[in-house]
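Close look at the chain arrangement
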Amino acid sequence: MTHALLPSGFHDRLPPVADAAARLEARVLEAAHAHGYERVDPPLAEFEAALAHRLKATRAQDAVRFVDPVSQRTLAIRPDITAQVGRIAATRMGHHPRPVRLSYAGSVLRLRAGQLSPERERRQAGCELIGLDTVAAAREIVTVAVEALEAAGVTGISVDFTLPDLLGVLSAGPFPLGEASLDDLADRLDAKDAGGVAAIAPAYLPLIEAAGPFDAAHDRLCAFDAGGALTSRLDGLWKVADAVRGRVVLTLDPTERHGFEYQTWLGFSLFADGARGEIGRGGSYTIVHEDGSEEAAIGFSLYTDAIVAGGGEDARRRLFVPLGTDPALAARLRGEGWVTVAALDAGDTPEAQLCTHVLIDDGVRPL
Ligand SMILES: N[C@@H](Cc1c[nH]c[nH+]1)C(=O)O
């Protein structure tokens, strides 16, 4: 009988992917640092209770839980770092002046794989701005996300905006649902099922058409905004999109809620050429403090594995240094940015060491 080496949904990152992932995260964090975001590094697991209700409106967490033999309490392995950053901001950094700007990178674990993404363990790198979820804060977060991706060499970026609490606002205001359920309506809208939407609440039909390229979709949403219940949201959204206009492709899918369990007025998904599926996601949300008070925040997380799988990493360049080469010469070449791979015995070859270049007569030659 053969056993799989790793459980399904888990994988080793091997060369050159692991290096590419580390480099990517370093560039992302550096871009964030340049905008004032300082790094926090929370633990892999923590008390389940401290994580589960930290962000308002999170549903039952998709976390792997276990009873800790030491504390006898239930711990959860983090499925998302945002809630941990929220905990830090609300507790240990609760006295810091607002807004607080924090960045992070680390592994997260989901209880179950999604249909489109079979991985259960993956890496996240991101930023959270705690204390504000204004248009100015959102413009900064979206800009930093795009800049971080650009710094990491990602091309063909697109940002797909959504308004996660849109249906809530409409059903509590101009278009009450009566007996019908908001989740059913959201499902039908997600499926772009006009018949289904009409059967639940025909007033929502125009929302099916209000998705697609940003400007046109925004226009349609403005036309739909009967009574002005959405005016401030739509104005704000326009200004947020303007922050990265011309730099990325902009789209709008106003009723998309999938994956935006805790986000409030604004959400966005990030995509890039060559990458399958989302490479990141972000939005505004609400942190719940120990005393029950609430604080607004906004942030984004990038999914390192999805970005690396989408390519864009630098090609390998390795210089083979034959036996007997002056170590000072190899050191000088490393100083010039070369990766040098030293032969350790006479039988060693550039091919075996996956080298692209070789040092011959003290000169660098391509292989
Ligand atoms: N952590 C969220 C994205 C996010 C960060 N901040 C706010 N939202 C996710 O991965 O889906």
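Residues numbered from 1 in each chain as written. Predicted model: local features only at pLDDT ≥ 70, side-chain atom pairs only at ≥ 80, totals over all residues. Heavy atoms only, no water.

If you look the protein up in an unreviewed UniProt entry, it shows as ATP phosphoribosyltransferase regulatory subunit from Sphingomonas panacisoli.

1. Quick word on the sheet that holds strand β3 (residues 65-67)
Put simply, the rule is: By the convention used here, strands pair only if DSSP detects at least 2 bridges between them. In this text, helices come from DSSP runs of H or I with a minimum length of four residues, and strands from runs of E with a minimum of two, each type numbered from the N-terminal end. A fitted line through C-alpha atoms represents every axis, and for helices the fit uses only the stretch in contact; the resulting angles, taken between N-to-C directions, go from 0 to 180 degrees.
Taken in spatial order, the three strands make up an open sheet running β2-β4-β3, and their pairing is antiparallel. The open sheet has two edge strands, β2 (45-47) and β3, and neither has a second partner. Between one strand axis and the next, the sheet turns through 35° on average, direction left out of account. In this structure, β2 lies alongside strand β4 (residues 74-77), joined through three bridges in antiparallel fashion. Looking at the pairing, glutamate 46 lines up with alanine 76 of β4.

2. Remarks on the packing of aromatic side chains
Our working rule: Stacked, edge-to-face and tilted are the three classes for Phe, Tyr and Trp ring pairs, Trp counted by its six-membered ring, which pair at centre distances within 6.5 Å; planes under 30 degrees apart are stacked, over 60 edge-to-face, the rest tilted. Using a 1.4 Å probe on the protein chains alone, a residue whose accessible area is under 20% of its type maximum counts as buried, one over 50% counts as exposed, and one in between counts as partly exposed. Throughout this description, the term charge over a ring refers to an Arg CZ or Lys NZ atom that lies within 6 Å of the ring centre and within 35 degrees of the ring normal.
A complete count under the given rule lists six aromatic pairs for this structure. Taking 5.6 Å as the distance between ring centres and 35° as the angle between the ring planes, the aromatic pair formed by phenylalanine 175 and phenylalanine 224 counts as tilted. Of the two residues, phenylalanine 175 sits in the loop between α5 (166-172) and α6 (182-190) while phenylalanine 224 sits in helix α9 (residues 214-224), which places them 49 residues apart along the sequence. Phenylalanine 224 matches phenylalanine 175 in its accessibility class, with the two residues each being buried. Summarising the aromatic geometry, the rings of phenylalanine 214 and tryptophan 238 are spaced 5.7 Å apart at their centres and angled 40° between planes, so their arrangement reads as tilted. Of this pair, phenylalanine 214 sits in helix α9 while tryptophan 238 sits in helix α10 (residues 231-242), placing them 24 residues apart in sequence. Relative accessible area serves as the criterion here: at 2%, phenylalanine 214 is assigned to the buried category. In this structure, arginine 281 packs its charged tip against the face of phenylalanine 260, placed 5.6 Å from the ring centre. Between arginine 317 and the ring centre of tryptophan 338, over which it is positioned, the NZ or CZ distance is 4.2 Å.

3. Some details on the sheet that holds strand β5 (residues 100-109)
What counts is decided by this rule: Only heavy atoms matter for contacts: two residues are in contact if any of them lie within 4.5 Å across the pair.
The strand order across the open sheet formed by nine strands is β1-β5-β6-β12-β11-β10-β7-β9-β8, and the pairing between neighbours is mixed. Either end of the sheet is taken by a strand with one partner, and the two such strands are β1 (38-39) and β8 (212-213). Sheet topology places β8 next to strand β9 (residues 249-252); two bridges connect them, and they run antiparallel. Residue pairing for β9: proline 213 is matched across the bridge by threonine 251. Sheet strands touched by helix α4 (residues 135-151): β5, β6 (121-130), β7 (158-162), β10 (267-271) and β12 (294-303). Its angle to β12, the strand with the most contacts, is close to 15°.

4. A look at unusual backbone geometry
For the peptide bond that leads from proline 15 to proline 16, omega is -5°, which places it in the cis range. Its location among the elements puts proline 16 in the segment before α1 (17-34). The step from arginine 98 to proline 99 runs through a cis peptide bond, and the omega angle for that step is -5°. Mapped onto the elements, proline 99 comes out in the loop between α3 (82-90) and β5.

5. Examining the side chain of serine 269
Going by this rule: Any pair of nitrogen or oxygen atoms within 3.5 Å is treated as a polar contact; in protein, a donor-acceptor pairing is required on top of that, and neighbouring residues in sequence qualify only through side-chain atoms on both sides.
Note that serine 269 resides in strand β10. For serine 269, the side chain forms a polar contact with the side chain of glutamate 278, separated by 3.0 Å. Excluding residues that lie within four positions of it along the chain, serine 269 makes contacts with Ser158, Val159, Asp160, Phe260, Glu278, Gly280 and Arg281.

6. Thoughts on the site of the ligand
This is how it is decided: Here a residue is considered near a molecule or strand provided that any single heavy atom belonging to it is located within 4 Å of it. Methods summary: accessible areas were calculated by the Shrake-Rupley approach with a probe of 1.4 Å, and residue burial reflects only the protein chains presented. Each residue is assigned to one class: nonpolar for Ala, Val, Leu, Ile, Met, Phe, Trp, Tyr, Cys and Pro, charged for Asp, Glu, Lys and Arg, and polar for all the others, Gly among them.
Near the ligand you find 14 residues, and of these Asp80, Thr82, Glu128, Ser301 and Tyr303 are the closest. One nitrogen or oxygen atom from the side chain of glutamine 124 is found 3.2 Å from an oxygen atom belonging to the ligand. Between the ligand and glutamate 128, the relevant distance is 2.9 Å, taken from a nitrogen atom to a side-chain nitrogen or oxygen of the residue. Notes on the ligand: free accessible area 300 Å², of which the protein chains cover 95%. Counting only elements with at least two residues in the shell around the ligand, the list comes to β6, β11 (280-288) and β12. Classifying every residue of the shell around the ligand gives four nonpolar, seven polar and three charged.

7. Describing α4
The condition is simple: Every helix has an expected span of 1.5 Å times one less than the residues it contains.
The end-to-end C-alpha distance of α4 is 24 Å, a good match for the 24 Å that 17 residues give at a rise of 1.5 Å each. Residues Ala137, Ala138, Ile141, Val142, Thr143, Val144, Ala145, Val146, Ala148 and Leu149 constitute the buried set of α4. A positive backbone phi angle near 85° is found at glycine 153, which sits one or two residues after α4.

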